[in-house]
Amino acid sequence: GLRCSAKDIAMAAGWLRSPLSRLAGSLRGGALPRCAAVQARRCFSVDGAESEEDTHEIMFYAMRHPAVITLREMYSFGIGGNHSTRTLLLAAQFLHEELPVRLARRARELKKLPFGLGETASIKGVRKLYERSFFRIRRFAKPNTPDLEEKFTEMLEDIKNEHNSVQANIARGLQELSEVRVDIYSQPGVLVHDGMPFDFGKFLDRFYLSRVGVRVLIGQHIMLHHPQEGFVGIIQTNCQPALVCQHAIEDAARVCEMAYGQAPEVILEGSTNTILPYIPEHLHYIFFELIKNSMRATVERYQASGGDCPPISVVFAEGEEDIAIKISDKGGGIPRSGVHRLWTYTFTTAGNTNEKLNEVGMGGRGEGPIMAGFAHGLPLSRIHARAFGGDLHVMSMQGHGTDVYIHIAKMGNREVSVP
């Protein structure tokens, strides 16, 4: 085999430690150190970390910090590059270095979960998925030609699709743990064993926030290949939140009608013509989850009595720093003592979580949307709002209804990093 000198090893280690230096070197036509080139050609396992060497590789990348990228930088890079070959090559080379760091950190954290949670079939499957994605990118040659860049992008799209089932499998892992480890009980968002707590809610906040960041980076690069008028990648130049909300209302109404045979009216009020650069897919997710919850609560409260469902109100207001949206329903609200449990990923007012998981199938992919019951919709909506400097709050009056306040940061007013 090839022997490496101490100098070669030092050069390779420096190359691995400094992704930005590597990228700059590639732009100047610099070559990889000899050992690093051999490392890049090494055939990693595509089934996850199956050897000690694989585990060390993941651990090495997990110790590195993700690069700081702001939404404004993504927008400026995309619009300035005008979808040129050079722009796509630069973006692909950056992702080739950045994504393994982000994937490795999540895989490592999943493996270190306490109380046997990381060894449940579903959580282990998610970890293997992250490890497999890590190795697929690490074993792929540096995308420094248009042909390699195109193949790399196709692989990223496949990885993104493979990760669609992660949310359902995380929820299933919690369910599996509760079935096999009766000695573990759960406080709101906290697993406790022998008096030792583990805040699973905070872990999932970190995990899902990182997941949003990875999907944004991949999605942005993919969409730079498919330019649409009015968009820079996945960022819409003149995104109109009220219009996105209207589409989400239509989608939620269809689901509600399938489940209950009717759907309450939703009235949009206030500054509905406001526009800003933003990712409409994220807004749609937030609006869909929240309006779906309001529709379900309203229908279930009034359907039994045979009365007409009161409308749901969505009010838009534009401030100097952000856009605020209030969604108000008269679905009866929840007890004040239960409000903090809304963010725990285990609280749902919509029946048995296990039954809902069965509805989406063992692979985490369902035939269609379910009305509620995953217990992840509200905390994930807050994650999507917070991912780019916004926030989400709930105020509930038991016996009357619930108000949800969404704040969307204006991208031009602050530097918001991709999580």
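The structure displayed is predicted, hence computed values, not measured ones.

Considering the overall build of the protein chain
- Along the protein chain, the regular secondary structure elements total 14 helices and 11 strands.
- In the protein chain, buried positions account for 51% of the 419 residues.
- Here the contacts in the protein chain between residues at least 6 apart in sequence split such that 77% fall between residues at least 24 apart.
- When the accessible surface of the protein chain is summed, it comes to about 19600 Å², and 52% of that surface belongs to carbon and sulfur atoms.

A few points about helix 6 (residues 85–111)
- Here helix 6 spans 39 Å end to end across 27 residues, near enough to the 39 Å set by a 1.5 Å rise per residue.
- The largest bend in helix 6 comes to about 30°, at His96, with the proline Pro100 one to four residues further on.
- Burial within helix 6 is extensive, with 21 of its 27 residues counted as buried.

Topic: empty space enclosed by the protein
- Per the stated rule, a full pass over the model turns up three cavities of 30 Å³ or more.
- Lining the largest cavity are Leu103, Tyr130, Ile159, Lys160, His163, Arg211, Val214, Arg215 and Ile218.
- Examining the composition of the lining of the largest cavity, we find that four residues originate from one element, helix 10 (residues 200–224), more than from any other.
- Counted by class, the lining of the largest cavity contains five nonpolar, one polar and three charged residues.

Structural notes on the sheet that holds strand 6 (residues 266–270)
- In space, the five strands of this open sheet follow the order 6-8-9-11-10, with mixed pairing throughout. Whereas interior strands pair on both sides, the edge strands pair on one side only; in this sheet they are strand 6 and strand 10 (391–397). Neighbour-to-neighbour, the strand axes of the sheet open up by a mean angle of 15°, direction not taken into account.
- Here strand 10 pairs with strand 11 (residues 401–409) via seven bridges, running antiparallel. From the neighbouring strand, Leu392 faces strand 11, where its bridge partner is Ile406.
- Strands strand 6, strand 8 (312–318), strand 9 (322–329), strand 10 and strand 11 of the sheet are contacted by helix 12 (residues 280–303), whose axis makes an angle of about 20° with strand 9.

Digging into the environment of Ala141
- Of note, Ala141 is situated in the loop between helix 7 (121–139) and helix 8 (146–162).
- The sequence separation of Ala141 and Gln93 amounts to 48 residues, and the corresponding C-alpha distance is 10.0 Å.
- In this view, Ala141 contacts His96 and Leu148; residues no more than four positions away in its chain are not counted.

Focus on the pattern of salt bridges
- If you walk through the whole model with that rule in mind, you get 14 salt bridges.
- Salt-bridge contacts for Lys151 lead to Asp147; the nearest nitrogen and oxygen are separated by 3.0 Å. Here Lys151 and its partner Asp147 are both found in helix 8, four residues apart, which amounts to about one turn of the helix.
- Take Lys151: its relative accessible area is 41%, and that puts it in the partly exposed class.
- Ionic pairing is found between Asp391 and Arg386, a salt bridge with its closest N-O pair at 2.9 Å.
- Each of Arg106, Glu109 and Arg206 takes part in a single network of salt bridges with overlapping partners.

Calculation rules
- Residues numbered from 1 in each chain as written.
- Predicted model: local features only at pLDDT ≥ 70, side-chain atom pairs only at ≥ 80, totals over all residues.
- Heavy atoms only, no water.
- Helix = DSSP H or I, 4+ residues; strand = E, 2+ residues; numbered from the N terminus.
- Buried < 20%, exposed > 50% of the residue type's maximum accessible area, 1.4 Å probe, protein only.
- Contact = heavy atoms within 4.5 Å.
- Areas by Shrake-Rupley, 256 points an atom, 1.4 Å probe, with all protein chains shown as cover.
- Expected span 1.5 Å × (residues − 1).
- Bend = angle between axes of the 7 residues up to and from the residue.
- 1 Å grid on protein atoms, 1.4 Å probe; cavity = no way out; pocket = protein on both sides within 12 Å on 5 of 7 lines; lining within 4 Å.
- Points joined across faces, edges and corners; volume = space filled by probe spheres on them.
- Nonpolar A, V, L, I, M, F, W, Y, C, P; charged D, E, K, R; others polar.
- Pairing = 2+ DSSP bridges.
- Axes fitted to C-alpha atoms, helices over the stretch in contact; angles between N-to-C directions.
- Salt bridge = Lys/Arg side-chain N within 4 Å of Asp/Glu carboxyl O.

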